[in-house]
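Understanding the architecture of this molecule
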Amino acid sequence: MQWTVEISSPIGPITLTANEHGLCEVRIQHEHSSKTQATAKKSTDPTLREAARQFRAYFAGELKHFDLPLDTRLGTNFQQRVWAALRTIHFGETASYRDIARQIGSPNAVRAVGAANGRNPLAIIVPCHRIIGADGSLTGYAAGLDNKRWLLAHEARHSKNDLLLSAAN
């Protein structure tokens, strides 16, 4: 059994899907042009309610790391290793496909890392938007490069705010 809820966000509607094992899909509907504040339709599933709450906090710049039960069982062992490595990239930081390939112990698997990145079912939570080319260029993003730019700028802006606040204290 699966449950779904759609939330609105500054980058457009996001569909969250959960099952009895956890959140299994986060789909950014980049074709939609509406850029609104994050809100959620009511859901009776506790994982979806918590996911919607965490997304609101993320888009408000208050959440830097998601803490939700995730179901990645549909990925291959290799994809799961890549997705786990993606989750180690901190809010406001980026890494290259080569960095991830090295991190998972497969330095020659740069293209395979790119393919696994592209099949990531949990956008933003498994932060594939933080992957850039080795030369620092923005590379493809399933939800569109405009959304990738927005997410990276959002995280950079809120990371700088954190640095400014700690320097002031």
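Calculation rules
- Residues numbered from 1 in each chain as written.
- Predicted model: local features only at pLDDT ≥ 70, side-chain atom pairs only at ≥ 80, totals over all residues.
- Heavy atoms only, no water.
- Helix = DSSP H or I, 4+ residues; strand = E, 2+ residues; numbered from the N terminus.
- Contact = heavy atoms within 4.5 Å.
- Areas by Shrake-Rupley, 256 points an atom, 1.4 Å probe, with all protein chains shown as cover.
- Buried < 20%, exposed > 50% of the residue type's maximum accessible area, 1.4 Å probe, protein only.
- Arc of directions from axis to C-beta.
- Salt bridge = Lys/Arg side-chain N within 4 Å of Asp/Glu carboxyl O.
- Pairing = 2+ DSSP bridges.
- Expected span 1.5 Å × (residues − 1).
- Polar contact = N/O pair within 3.5 Å; in protein donor to acceptor, adjacent residues only side chain to side chain.
- Axes fitted to C-alpha atoms, helices over the stretch in contact; angles between N-to-C directions.
- Parallel < 35°, antiparallel > 145°, perpendicular 65-115°, else oblique.
- Nonpolar A, V, L, I, M, F, W, Y, C, P; charged D, E, K, R; others polar.

Looking only at helices and strands, one finds five helices and six strands in the protein. Long-range contacts, defined here as pairs at least 24 residues apart, represent 58% of the contacts in the protein between residues at least 6 apart. For the protein, the accessible surface area stands at approximately 9,100 Å², while carbon and sulfur atoms represent 51% of it.

Another aspect to go through is helix α2 (residues 77-86). Q79, V82, W83, A85 and L86 are the residues of α2 that are buried. Within α2, the buried residues cover an arc of 160 degrees as seen down the axis, which keeps them to one side. Those residues of α2 that are buried are in contact with α3 (97-103), α4 (110-118) and β6 (131-132).

Per the stated rule, a full pass over the model turns up five salt bridges. Note that E50 and R53 form a salt bridge whose closest N and O atoms lie 2.6 Å from each other. With a gap of three residues between them, E50 and R53 both fall in helix α1 (residues 46-59), about one helical turn apart.

With that out of the way, let us pick up the pairing of strand β3 (residues 22-28). Among the seven residues of β3, five are classified as buried, and the element is accordingly described as predominantly covered. Where strand β2 (residues 14-19) folds back on β3, the antiparallel hairpin that results is connected by two residues.

The terminal C-alpha atoms of α1 lie 20 Å apart, and with 14 residues this matches the ideal 20 Å at 1.5 Å per residue to within 8%. By the burial criterion, the buried members of α1 are T47, L48, A51, A52, Q54, F55, A57, Y58 and F59. The opening residue of α1, the one whose side-chain oxygen lies 3.2 Å from the backbone nitrogen of T47, is D45. Two residues or fewer after α1 comes G61, characterised by a positive phi angle close to 80 degrees.

With that settled, consider unusual backbone geometry. At I124, a residue that is not glycine, the phi angle is positive and equals roughly 70 degrees. Assignment of secondary structure puts I124 in the loop between α4 and β6.

The next thing to look at is the packing of α2 against α4. Packed helix pairs are characterised by how far apart their axes lie and by the angle those axes make with each other. The geometry of α2 relative to α4 is characterised by a closest axis approach of 9 Å and an angle of 80 degrees between their N-to-C directions. Judged by the angle between their axes, α2 and α4 are roughly perpendicular. Of α4, the residues touching α2 (which contributes F78, Q79, V82, W83 and L86) are A112, V113, A116 and N117. Classifying every residue of the contact of α2 with α4 by side-chain character gives seven nonpolar, two polar and no charged.

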